[in-house]
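# Commentary on secondary and tertiary structure
Each chain, written out:
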Amino acid sequence: MKDSDWVILYELYKNPNMSKVASLLFMTQPSLTKRLKQMESEFQVTIVNRTPKGLEFTKEGEFLANQANVYLDFMKETNRGLAELKESGEETIVIGSSYTYSKYTLTDVLYQYNQTHPNVNFHIVNDQSNILFRKMLEEAVDVAFIRGDYEGAVNKALIAEDQAYLITKEKVDMDQLPGLQWIAYSTNDRTKELLGDWWQDRFHTAPPLGMEVGFIDFAWQLIGKGLGYTLCFLPSNFVNEHDLCLTPLTKRNGAPVLRNTWFIYSKNKRKSKMLEDFIRYIEEKLVIVSS
């Protein structure tokens, strides 16, 4: 059993609706169904029955759901206890950060903070924003800098609005894009959705499959060699190392295509004095809008 499996049981017992729980946990419904079947196989029991009225937990399923509640409470208390022990010495703040935010902004932010707070250590977790948001809800990170809009039990403050661009080696006619080589890269689902909506609105088709790479940096290198193009959001301090052609994307009404960058932290997690100080520092230095 994974920790995420206990979360699935806990949420499904509270709200026995596969589609709603899948959405809450940022999963697809087939993925949720697969995990449930694997749990049933592991324990050799039927957890839920599907009836005309919806899902009904079996006696075994109810027992496992109650155990999930016990287990998740245990993990929260364990993490809280460890956090209290850490406070007795040097503190480590666990920061989740998207890759591009870390590359262009986070280093300077942490350097400036460290000048007046030398006893604070930082552990940086780089991942896609949807994964970082889930880690925040699971209290696996203390704070996070994420791209795109997500809803949950977090405090969030807007710290940047990034413009979307067409990235090419040389200037091209946008109407020709469907016939050119698209270079896709790993990014979070909200970014894919924003760029996909722009493409759909302009060309009335789904975005092409194209070539796929891991990090956006590699896509820029390939484009610099003339091997294709991509669509991406760029920070205001982007360094154009490969002398690429950057064409801003706009909607039909002329408005720019923008993506929000948020600073987030849990509404429920207990905060040490040092963590509260760091949060206050970020909100005073970087925040555009709080919510």
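### So, the packing of helix H5 (residues 99–116) against helix H9 (residues 273–285)
Two numbers describe how H5 lies on H9: the axes approach to 12 Å, and their chain directions differ by 125 degrees. When the interaxial angle is binned, H5 and H9 end up oblique. Crossing of H5 over H9 shows right-handed handedness. Within the contact between the two elements, H5 uses Val109, Leu110, Gln112 and Tyr113 and H9 uses Met274, Asp277, Phe278, Tyr281 and Ile282.

### What to know about the pairing of strand E3 (residues 91–97)
Taking burial as the measure, the 7 residues of E3 include 6 buried ones, the bulk of the element. The pairing of E3 with strand E4 (residues 120–126) spans 7 bridges and is classified as parallel. Residue pairing in the sheet places Thr92 in a bridge with Asn121 of E4. For the segment spanning E3, H5 and E4, crossover handedness is right-handed. Bridge analysis of E3 against strand E5 (residues 143–147) gives 3 bridges, and the strand direction is parallel. Paired with Gly96 across the bridge in E5 is Ala144.

### Digging into the environment of Gln38
By the secondary structure assignment, Gln38 is in helix H3 (residues 29–43). Put simply, Gln38 and Leu110 are 72 residues apart on the chain and 42 Å apart in space, counted from C-alpha to C-alpha.

### Some details on the nonpolar core
If you look at the biggest cluster of nonpolar residues, it comprises 30 residues, and the most contacted ones within it are Ile167, Leu177, Trp198, Trp199, Trp220, Leu231 and Leu249. Broken down by secondary-structure element, the contributors of at least two residues to this core are strand E6 (154–168), strand E7 (183–184), helix H7 (189–203), helix H8 (216–224) and strand E9 (230–234). At 5 residues, the largest contribution of residues to this core is made by H8. Look past the residues within four positions of Leu249 in its chain and what remains in contact with it is Gln163, Ala164, Tyr165, Leu166, Met174, Leu195, Trp198, Leu231, Ala255, Pro256 and Val257. Membership of the second largest hydrophobic core comes to 20 residues, among which are Leu9, Leu12, Ala22 and Leu64.

### Notes on unusual backbone geometry
For Phe26, which is not glycine, the phi torsion reads 55 degrees and is therefore positive. Topologically, Phe26 is positioned in the loop between helix H2 (18–24) and H3. Judged by relative accessible area, which is 28%, Phe26 ranks as partly exposed. Within the chain, Glu139 stands out as a residue other than glycine whose phi angle is a positive 60 degrees. Here Glu139 is to be found in the loop between helix H6 (129–137) and E5.

### Overview of the packing of aromatic side chains
Considering all chains together, one arrives at 20 aromatic pairs under this definition. Between the aromatic rings of Phe145 and Phe263, the centroid separation amounts to 5.1 Å while the plane-to-plane angle is 40 degrees, which identifies the pairing as tilted. Of the two residues, Phe145 is situated in strand E5 and Phe263 in strand E11 (residues 258–266); the sequence distance between them amounts to 118 residues. For the pair Trp198 and Trp199, a centre-to-centre distance of 6.4 Å together with 65 degrees between the ring planes defines the contact as edge-to-face. Judged by relative accessible area, Trp198 falls into the buried class, the value being 6%.

What counts and what doesn't
Residues numbered from 1 in each chain as written. Predicted model: local features only at pLDDT ≥ 70, side-chain atom pairs only at ≥ 80, totals over all residues. Heavy atoms only, no water. Axes fitted to C-alpha atoms, helices over the stretch in contact; angles between N-to-C directions. Helix = DSSP H or I, 4+ residues; strand = E, 2+ residues; numbered from the N terminus. Parallel < 35°, antiparallel > 145°, perpendicular 65-115°, else oblique. Left-handed = near helix turned anticlockwise from the far one by under 90°. Contact = heavy atoms within 4.5 Å. Buried < 20%, exposed > 50% of the residue type's maximum accessible area, 1.4 Å probe, protein only. Pairing = 2+ DSSP bridges. Right-handed = clockwise from strand over helix to strand, strands pointing away. Core = buried A, V, L, I, M, F, W, Y, C linked by side-chain atoms within 4.5 Å. Phe/Tyr/Trp six-rings, centres within 6.5 Å; stacked < 30°, edge-to-face > 60°.

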